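Chains, contacts and geometry: an overview
Each chain, written out:
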Amino acid sequence: MDIGVVLQTNPPAARVVELARQAETHGFSHVWTFDSHLLWQEPYVIYSQILAATRKVLVGPMVTNPVTRDVTVTASTFATLNEMFGNRTVCGIGRGDSAVRVLNGRPASLAQLRESVHVIRELANARPVEINGSTVRFPWAHGSRLEVWVAGYGPKTLALTGDVADGFILQLADPDVTAWTIQVVREAAEKAGRDPDALQFCVAAPMYIGQDRAHMHDQTRWFGGMVGNHVAELVARYGQDSELPRSLTDYIAGRTDYDYNEHGRAGNTHTEFVPDEIVERFCVLGTWQEHVAKLTALRGLGVTQFAGYLMHDNKEETLRQYGEHVIPAMRDLVRAKV
């Protein structure tokens, strides 16, 4: 199992680059960031600095979207970074949340998302693609390689992921929801004639190593609020009694409003409705031994990467504990084929 880290591009950008450098030193395989250019600094500029300051980590957005980003520009950005630093990028993409909603926009349709995956992947892999009746390619991109991973929760997005994506991103670490989503994606891949074992399955959630449960809950409760935005939309579309797991839908009954100006921030004042039980289920909290136990369980469900959000007050210590304990322990499990 790969272990990645998810950062916010809060200023100063040098701090983000330093955390990425530390993550690589501690053995993390991926460095992801949010992509909301109004709420935080422009991530693609910072990616170039992260790649220059590191040697091995893969870098990319968790996640971009085809509404606020022109897909040909996105593809060109990845291909350029690959030419400058080797093929060390990965593209996470979804329909659009915070980047779109702060502008009162609408998320992309599934058809738009499907087309964006195709266009970005073809162009960033130095292949021609048809756009608006014209065949285009990057004449300067010869060796660029890029995987495109799709993030989502709903059945239709999961089916699309199995149809076309190189990987799947689930933004929560609840075992029941993880098992359900992976099954839906794998079944869609098989139906499309693809090998489901060739797909990557990434679970992304806050990781906090500590012992003060109440404090950890307060520092990561924002995540349940963030997930609740997606869940509320799914419940409105599919109904409370849909095939969505009850562990995903029940907790939003007390949800009222949400302020995207506090999106992804510890202490978010619009997340009081999120109970401690959901924080525990959705996040990875506690001692390093507890982290190993939960990651081992997720790995058993088919997860190939855990990407830990680092939006709290214990960043360096969590990175250090992962480097000294969690990552070596997970590596030993793989060697032992547990």
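A short tour of the structure in this document, coming up. (Residues numbered from 1 in each chain as written. Predicted model: local features only at pLDDT ≥ 70, side-chain atom pairs only at ≥ 80, totals over all residues. Heavy atoms only, no water.)

**With respect to the overall build of the chain**
The number of helices and strands found in the chain is 12 helices and 11 strands. Of all 338 residues assigned to the chain, the portion counted as buried reaches 57%. Counted over contacts in the chain with a minimum sequence separation of 6, partners at least 24 positions apart contribute 75%. (Helix = DSSP H or I, 4+ residues; strand = E, 2+ residues; numbered from the N terminus. Buried < 20%, exposed > 50% of the residue type's maximum accessible area, 1.4 Å probe, protein only. Contact = heavy atoms within 4.5 Å.)

**Re the nonpolar core**
With 99 residues, the main nonpolar core has Met-62, Phe-223, Tyr-309 and Tyr-322 as its most contacted residues. By residue number, the principal contributor to this core is strand S9 (residues 200-209), which donates 8 residues. With sequence-adjacent residues up to four places away left out, Phe-223 is seen in contact with Gln-171, Leu-172, Ala-204, Ala-205, Pro-206, Phe-282, Cys-283 and Tyr-309. (Core = buried A, V, L, I, M, F, W, Y, C linked by side-chain atoms within 4.5 Å.)

**A word on the packing of aromatic side chains**
The tally for this structure, following the rule as stated, stands at 10 aromatic pairs. Judged by centre distance (5.6 Å) and plane angle (90°), the rings of Phe-34 and Tyr-309 are edge-to-face. Within this pair, whereas Phe-34 is found in the loop between strand S2 (30-33) and helix H2 (43-53), its partner Tyr-309 is found in strand S11 (residues 305-309), the two being separated by 275 residues in sequence. Judged on exposure class, the residue Phe-34 and its partner Tyr-309 are both buried. Aromatic pair Trp-222 and Phe-223: ring centres 5.6 Å apart, planes at 85°, arrangement edge-to-face. Given the relative accessible area of 1%, Trp-222 is considered buried. Residue Phe-223 is classed as buried on the basis of its relative accessible area, which comes to 0%. (Phe/Tyr/Trp six-rings, centres within 6.5 Å; stacked < 30°, edge-to-face > 60°.)

**Comments concerning the packing of helix H1 (residues 13-25) against H2**
Two numbers describe how H1 lies on H2: the axes approach to 9 Å, and their chain directions differ by 40°. With respect to their mutual orientation, H1 and H2 come out oblique. For H1 against H2, the interelement crossing comes out right-handed. Listed contacts from H2 to Ala-13, Val-16, Val-17, Ala-20 and Arg-21 of H1 are Ile-46, Gln-49, Ile-50 and Ala-53. Partitioned by chemical class, the residues of the contact of H1 with H2 number 7 nonpolar, 1 polar and 1 charged. (Axes fitted to C-alpha atoms, helices over the stretch in contact; angles between N-to-C directions. Parallel < 35°, antiparallel > 145°, perpendicular 65-115°, else oblique. Left-handed = near helix turned anticlockwise from the far one by under 90°. Nonpolar A, V, L, I, M, F, W, Y, C, P; charged D, E, K, R; others polar.)

**Some details on the side chain of Ser-36**
Within the secondary structure, Ser-36 is located in the loop between S2 and H2. If we ignore the near neighbours within four places in the chain, the residues touching Ser-36 are Ser-98 and Ala-99.

**Observations concerning the pattern of salt bridges**
Summed over all chains, the structure comprises 16 salt bridges. Salt-bridge contacts for Arg-114 lead to Asp-163; the nearest nitrogen and oxygen are separated by 3.2 Å. Remark: Asp-163 occurs in helix H6 (residues 155-164) and Arg-114 occurs in helix H5 (residues 110-124); sequence separation between them is 49 residues. Taking the relative accessible area as the measure of exposure, Asp-163 reaches 29% and is therefore partly exposed. With its nearest N and O atoms 3.1 Å apart, the salt bridge here joins Asp-166 to Arg-121. Of the two residues, Asp-166 is situated in the loop between H6 and strand S8 (167-170) and Arg-121 in helix H5; the sequence distance between them amounts to 45 residues. Across this residue pair, the class does not change: Asp-166 and Arg-121 are buried. Several salt bridges share partner residues, and in doing so they unite Asp-35, Glu-42 and Arg-69 into one network. (Salt bridge = Lys/Arg side-chain N within 4 Å of Asp/Glu carboxyl O.)

**Things to note about the side chain of Arg-221**
Its place among the elements puts Arg-221 in helix H8 (residues 213-238). At a separation of 3.4 Å, a polar atom in the side chain of Arg-221 contacts the side chain of Asp-218. Setting aside chain neighbours within four positions, we find Arg-221 in contact with Thr-271, Val-274, Pro-275, Asp-276 and Val-279. (Polar contact = N/O pair within 3.5 Å; in protein donor to acceptor, adjacent residues only side chain to side chain.)

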